[in-house]
Amino acid sequence: MPEEIVAEDRWSQIIFYDEWNSLELKWLPSTADASDAEARATMKVFAQESVNRRPHTLIVDTTEFRHAWGDGFTEWRNAEIIPRYNQAGVEKFAFIASTGYPGPTVEAGAEPAPEGPANFPTGWFKTRQAAYQWLAARPVRGPARGSDG
């Protein structure tokens, strides 16, 4: 799939996939040396790219993420980042988990669901392939109410 690196810094690459209208944040191993402020700045750039490009789907590849978030991260993300994803009209969000991810993944039976104030489901995946399959699947819609079909 053709891809375009639209932003990068010491900690990450932000990649746009035009064919899928999808935006990815790929964290790099150098995140081990990132401060909370530096990692959060990267997330702000990703969120702003989401608003600018209005992708249908977002991917965050955490397979090489090495930073340990400090106190208040979830509250900050809920207040500062997720509203931008909502503004962008995101339909689905997929995390590709590192091997040490302690939570349940979709492959292990977890159901994607909105996180915090999100208007879209988020799923955690063991593999990129499983994430792509879920992101590419469109909801099956039945006949509209009141239709004869």
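Before reading on, note that the structure itself is shown above.
Residues numbered from 1 in each chain as written. Predicted model: local features only at pLDDT ≥ 70, side-chain atom pairs only at ≥ 80, totals over all residues. Heavy atoms only, no water.

**Observations regarding the environment of T42**
Basically, it comes down to this: Secondary structure elements are taken from DSSP: a helix is a run of H or I of four residues or more, a strand is a run of E of two residues or more, and numbering for both begins at the N terminus. Exposure categories follow from relative accessible area, calculated using a 1.4 Å probe and restricted to protein chains: below 20% of the type maximum is buried, above 50% is exposed, and the middle band is partly exposed. The contact criterion used is simple: two residues touch if any of their non-hydrogen atoms lie within 4.5 Å. Pairs of N or O atoms are called polar contacts if they sit within 3.5 Å, as long as, within protein, a hydrogen donor faces a hydrogen acceptor (for residues adjacent in sequence, only side-chain-to-side-chain pairs).
As for its position among the elements, T42 is in helix α1 (residues 36-53). Accessibility expressed as a relative area gives 2% for T42, which makes it buried. Look past the residues within four positions of T42 in its chain and what remains in contact with it is D9, W11, S12, I14, L25 and W27. Side chain to side chain, T42 and D9 meet in a polar contact 2.6 Å long.

**Quick notes on α1**
Operational definition: Here the expected length of a helix is defined as 1.5 Å per residue gap, with one fewer gap than residues.
Under the 1.5 Å per step criterion, the end-to-end length of α1 is 26 Å for 18 residues, consistent within 8% with the ideal 26 Å. Residues of α1 that are buried in the fold lie against β1 (4-8), β2 (12-17), β3 (22-27), β4 (57-61) and α2 (73-88). Remark: R54 follows α1 within two positions and exhibits a positive phi of approximately 55°.

**Some words on the side chain of S22**
Tracing the backbone through its elements, the reader meets S22 in strand β3. For S22, the residues in contact, after removing those within four places along its chain, are I15, F16, Y17, P55, T57, L58 and I59.

**Some words on the nonpolar core**
In summary, soluble globular proteins display a tendency toward joint burial of nonpolar side chains. Quick reminder of the rule: In plain words, nonpolar cores are sets of buried Ala, Val, Leu, Ile, Met, Phe, Trp, Tyr and Cys residues tied together by side-chain atoms within 4.5 Å.
With 26 residues, the main nonpolar core has W27, F46, L58, V60, Y85, F93 and F120 as its most contacted residues. Secondary-structure elements contributing two or more residues to this core are β2, β3, α1, β4, α2 and β5 (92-96). The element contributing the most residues to this core is α2, with six residues. Discounting chain neighbours no more than four positions away, the residues touching F93 are L58, V60, R77, Y85, F120, P121, T122, G123, W134 and L135.

**Some words on the pattern of salt bridges**
So the rule is basically this: Basic side-chain nitrogens of Lys or Arg form a salt bridge, by our definition, when they fall within 4 Å of a carboxyl oxygen of Asp or Glu.
This model, assessed by the stated rule, comprises eight salt bridges. Of the charged contacts in the structure, one is a salt bridge between R128 and E24, with a shortest N-O distance of 2.8 Å. Of this pair, R128 sits in helix α3 (residues 128-136) while E24 sits in strand β3; the two residues are 104 residues apart in sequence, bridging distant segments of the chain. Owing to a relative accessible area of 27%, R128 belongs among the partly exposed residues under this scheme. For D61, the salt bridge goes to K26, with nearest N and O atoms at 3.5 Å. On the criterion of sequence distance, the pair formed by D61 in strand β4 and K26 in strand β3 is long-range, its members being 35 residues apart. Connected through salt bridges with shared partners, the residues E24, K26, D61, E64 and R128 form a single ionic network.

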